[in-house]
Amino acid sequence: MLVPAALRRAVRRSLTATATAAVLTGVALPAAHAAEPANSPARSVTYRGHHFTVPAGWNTVDLDRAPHACVRFDRHTLYYGTPSADQDCPAHVVGRTEALLVQPAGSRGAGQARTDKTAHQLAASDARIQLTGTYKSDPGLIEDIATDADLTPQAAAPARRAAPTGRLAPATLAATTVSSATTHYTGKGFDACAAPSASTMNTWNSASPYGAVGIYIGGAYRGCSQPNLTASWVSQQASAGWHFLPIYVGVQASGISSPTSQGTSAADDAITQASSLGFPAGSVLYYDMEAYSPSSSSSVLSFLSAWTKELHAQGYKSAVYSSSTSGISDLADHYGSGYQMPDVIYDALWNGTADTADPAVSSTLWANHQRVHQYSGGHTETYGGVSINIDSDYLDVAPATSTVPHGTLWDRTRGSSGTWAGSANEVDDNDAITAVASAALPDGTLHTFTVVPGSGVWERVRSASGDWAASAVKMDDNDNITAVTAAALKDGTLHVDVMVKNSGVWDRTRNTDGTWTTATKIDDKTSITRIALAGLTDGTLHLESLVPGSGIWERVRSTSGNWQTSATQIDGNGDITDLATAALPNGTQHLEAVVPGSGIWDRVRTAAGTWQSSSHIDTNGDITAVSLAALPDGRMTADAVVPGSGVWDRSYSAAGTWQASATKIDANSDIFAVQSTGLPDGTVHLHTLV
C-alpha cells in the first residue's frame, strides 16, 4: 500500500532501537500474543475507527487481549483497549518517554486524561475514544500521531496564578476531602506503582499486615497509569481505615537546571494534584528523588529546599523519598546549613528491618514521628488470594504542627540620618529559624545568630563594607537551644548567651582573634523563657532573664570575667512576655518589657548602678515582641511587632526623650520576631523573622 505522509513523518521522528532497548532493560513485556516484535518496521493499529501509526521500535499492546498488562509510560508502546483495575506492574517505575494509551471514552481512568506540560502529557478525544500521550523530549511525535489519527490534541490547562497576597490561588478541591491525618501513621505500609483496585484494597485491608499505602499522585516521571486513582477512591480507602503516602515523581537530579524555580513549580503542581484527590493543607506530600551521583548534591539540595519552602508556604508538610546513600544522607549531612529541611524523610534502605533507623541519619534528626523506612524493594506478596508487587515500608509519621513560630531572616537598614530603607532583604532563607540575636563589633562588622531547633545556633557575618557572608556557620551544636542573645564589649570581644531546654543559660565568648571559647553555664534556672544581654561602657555584661509569673531577673559579669553567683529580681511583673535591653555611651542601660494589654514599659539603670521605676512608652496592648538598639551618639530606637500589622518604630533622642508616636516601618503582617542593632557608623539594622 502507499505510505501516507503521516507515516513518513512518524518514521522520520522515530527513536532508535538502541534507545528503546535501554528504556526496556530489565522489564518483562506482557504476554507474547499482545506485543509486536520491538524491531518490526513502522506499523499501524486501527482502533474504534481511528488509524494510529507508530514508529519502528515501538511495541503495541492490546489491553483487551492482555487484561492485566501494566500500562507504563517509560517505554515506547502503544496501548489500546481498557486498562485493568488490577494491573500487573512492578512496584516502582520512574520515568516517562514517548508512549500512548488509547481507550474507550468513559472507560476506567479516561476522565483523568489531560494535556499537562508539567507532567509531559498530551490528551485528545472524540465521542468514541480518549488518547493519553506522554513524552520525554518529543511532544511533536505524539501530536503527529494523534493528528494523523484524526484527533486534535487538547490545549494545556492554564497555569495556576498567584493570588494578590503572593500565595497560590486555592486549587479546586475534590468534592470529598479526607483529613490531613490520613497521611499520619505508625506501622507497616506498602507502595505500588499503580493504585490497586478497591476490591484488592478491601482484601488486603482484612488479610495483610499493612495499614498505609503509597500512591503516585503526579509528576513528569510518574511511570504507571492510574486508572483507579480518583478522589472517590481516596475517600473510600480512607473510610476503610487506610492511610496514605502521596508521592510526587517530578524531575530527577540529571534534569535539574534551575533548582529554585523547578522545586517551587513541582511543589505547586503536587499541591494541585493532591488537592484534586482530596488531600487538604496539613497533609504530608512526598517528593520521589531517585539515587543520584555526588556531583548532583548541590542542585538536588537546592531543589528540595525550594520544594519544602513552597509546600510550607501553602500549608502542606514536606517529605522526601530517596536512597539512604544519596538524597537522605545529603539531607542529614546538610541539616541546619541553610537548606530548607523536609518535615519527614522516606528512606530507601533495603535491609529487611521494619523500623526507622538508619546509620546515615543521626537519631536526633527527624526524631519526632518524622520517618518512613522502605525496608524491602520490589517483590510480590499475596493476601486473601490477591497478589501485588510492592515495596514494603515502615512508617512513624505524625509531624507536629509546631506551636513555636519559625521563619526566614530579613534585614532592613536605618541610615545614620534616621531614614529607613524602603524594603527588607532576605539574608537567610532557612525557614526553620525560631529566634535571632545580633551584635556589632567596634570594627563595624555585624554578627547575627539564629536558632534552628534540632540543629543549634548559626552565625552569619556582615562585613564593615556591607557584604553578608555567603552562608552561615554553626557555632553551637546543642539541639535543645530555645533562646539566644548577644552583646559586644568595647575590647572587641563578643558574648552569646543561650537558653538550653531543661538546663539553663550558657555563655560563650568570641575572642578578638575570632575564636570561640567553650560554653559555661551561668544560670541553672530552667523556667527562663527569654534572655537579653547588654555590654556596658565600663566593660561589664548584664544578662536579663524573663521568668513567667516572676518577672525579670538580672545577672552581671564583672570586668574581670566573673559572673554573679545569683540573680537579682529587677522587675516583679509576672505578666511580662518579652524583653529587650541596650547600653548607651553615657553608661546608662535601658530595659524594655512587653505587658500584654498594656504595651511597652521602659526601665533605666543609671551609670551609678541604680534601677529606676518603669515608664510607659507605648500603650499598644497588642504588641508581642520588642527590640532595642543604641547608637554611638546616645540615640536609641525601639522596634515592636504588632501581629497582623507589622513592625512599628519609636525613637529616643540623645537628649533623653521618646518620640511621641510610633511609625510603621514594615507592613509585613507575618513578622513574629525582631532584633535591632546599632553599628558604629550610626546605622541601625533591623532583623525580622517571617
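Thresholds, definitions, all that
Residues numbered from 1 in each chain as written. Predicted model: local features only at pLDDT ≥ 70, side-chain atom pairs only at ≥ 80, totals over all residues. Heavy atoms only, no water. Helix = DSSP H or I, 4+ residues; strand = E, 2+ residues; numbered from the N terminus. Buried < 20%, exposed > 50% of the residue type's maximum accessible area, 1.4 Å probe, protein only. Areas by Shrake-Rupley, 256 points an atom, 1.4 Å probe, with all protein chains shown as cover. Contact = heavy atoms within 4.5 Å. Disulfide = S-S within 2.5 Å. Pairing = 2+ DSSP bridges. Axes fitted to C-alpha atoms, helices over the stretch in contact; angles between N-to-C directions. 1 Å grid on protein atoms, 1.4 Å probe; cavity = no way out; pocket = protein on both sides within 12 Å on 5 of 7 lines; lining within 4 Å. Points joined across faces, edges and corners; volume = space filled by probe spheres on them. Nonpolar A, V, L, I, M, F, W, Y, C, P; charged D, E, K, R; others polar. Phe/Tyr/Trp six-rings, centres within 6.5 Å; stacked < 30°, edge-to-face > 60°. Lys NZ or Arg CZ within 6 Å of the ring centre and 35° of its normal. Parallel < 35°, antiparallel > 145°, perpendicular 65-115°, else oblique. Left-handed = near helix turned anticlockwise from the far one by under 90°.

## Some thoughts on the overall build of the protein
The secondary structure content of the protein amounts to eight helices and 39 strands. For the protein, the spread of C-alpha atoms along the three principal axes comes to 105 × 50 × 45 Å. Looking at the protein residue by residue over its 690 residues, the buried ones come to 55%. For the protein, the accessible surface area stands at approximately 26800 Å², while carbon and sulfur atoms represent 50% of it.

## Concerning helix α8 (residues 324–333)
Counted residue by residue, α8 has eight buried out of ten residues, so it is predominantly covered. Along α8, the positions that sit buried rather than exposed are S324, S326, G327, I328, S329, D330, L331 and A332. Packed against the buried residues of α8 are α7 (297–313), β12 (317–323) and β13 (344–348).

## Quick word on unusual backbone geometry
Non-glycine residue R48 carries a positive phi angle of around 50 degrees. Note on placement: R48 falls in the loop between β1 (43–47) and β2 (50–54). Backbone geometry places H369, a non-glycine residue, at a positive phi of 55 degrees. Within the secondary structure layout, H369 lies in the loop between β13 and β14 (370–383). Judged by its relative accessible area of 37%, H369 is partly exposed.

## Notes on the state of the cysteines
One pass over the full model with this rule turns up two disulfides. If you count the bonded cysteines of the protein from the N-terminus, they pair up as 1-2, 3-4.

## Section: the sheet that holds strand β37 (residues 663–666)
Either a parallel or an antiparallel arrangement is found when strands of a sheet pair, and the pairing is made through backbone hydrogen bonds. An order of β34-β35-β36-β37 is seen for the four strands of this open sheet, with the pairing classed as antiparallel. Single-partner strands in this sheet number two, and they are β34 (625–630) and β37. Here the strands of the sheet are splayed against their neighbours by 30 degrees on average, with no regard to which way each runs. Here strand β36 (residues 646–652) runs beside β37; their pairing, made up of three bridges, is antiparallel. The partner of D649 across the bridge, within β37, is T663.

## Here's the deal with empty space enclosed by the protein
Per the counting criterion, the structure on display carries four cavities of 30 Å³ or more. Every residue lining the largest cavity is listed: I600, I617, D618, A638, A640, W648, D649, R650 and A662. Elements represented by at least two residues in the lining of the largest cavity include exactly β33 (615–618), β35 (636–642) and β36. When residues in the lining of the largest cavity are grouped by element, the largest group, three residues, is from β36. Residues of the lining of the largest cavity, tallied by class, amount to six nonpolar, no polar and three charged.

## A closer look at the packing of aromatic side chains
On inspection of all chains with the given rule, the structure shows 18 aromatic pairs. When the centroid spacing of 5.0 Å and the interplanar angle of 85 degrees are considered together, the rings of W204 and Y383 count as edge-to-face. On the criterion of sequence distance, the pair formed by W204 in helix α4 (residues 198–207) and Y383 in strand β14 is long-range, its members being 179 residues apart. Three or more aromatic residues joined by ring pairs form one cluster here, namely F190, W204, Y210, W242 and Y383. Seen from the ring of W553, K525 lies directly overhead, with NZ or CZ sitting 5.7 Å from the centre.

## Notes on the packing of helix α6 (residues 259–276) against α7
Relative to each other, α6 and α7 sit at 40 degrees, their axes nearing to 7 Å. As judged from the angle between their axes, α6 and α7 are oblique. α7 is crossed by α6, and the crossing has right-handed handedness. Taken together, the residues of α7 that come into contact with α6 (itself represented by P259, T260, Q262, G263, T264, A266, A267, D268, A270 and I271) are S299, S302, F303, A306, W307, E310 and L311.

## Here's the deal with the side chain of Q340
If you trace the backbone, Q340 turns up in the loop between α8 and β13. Those residues in contact with Q340 that sit more than four places away from it in its chain are L304, S305, T308, K309, D429, N430, D431 and A432.

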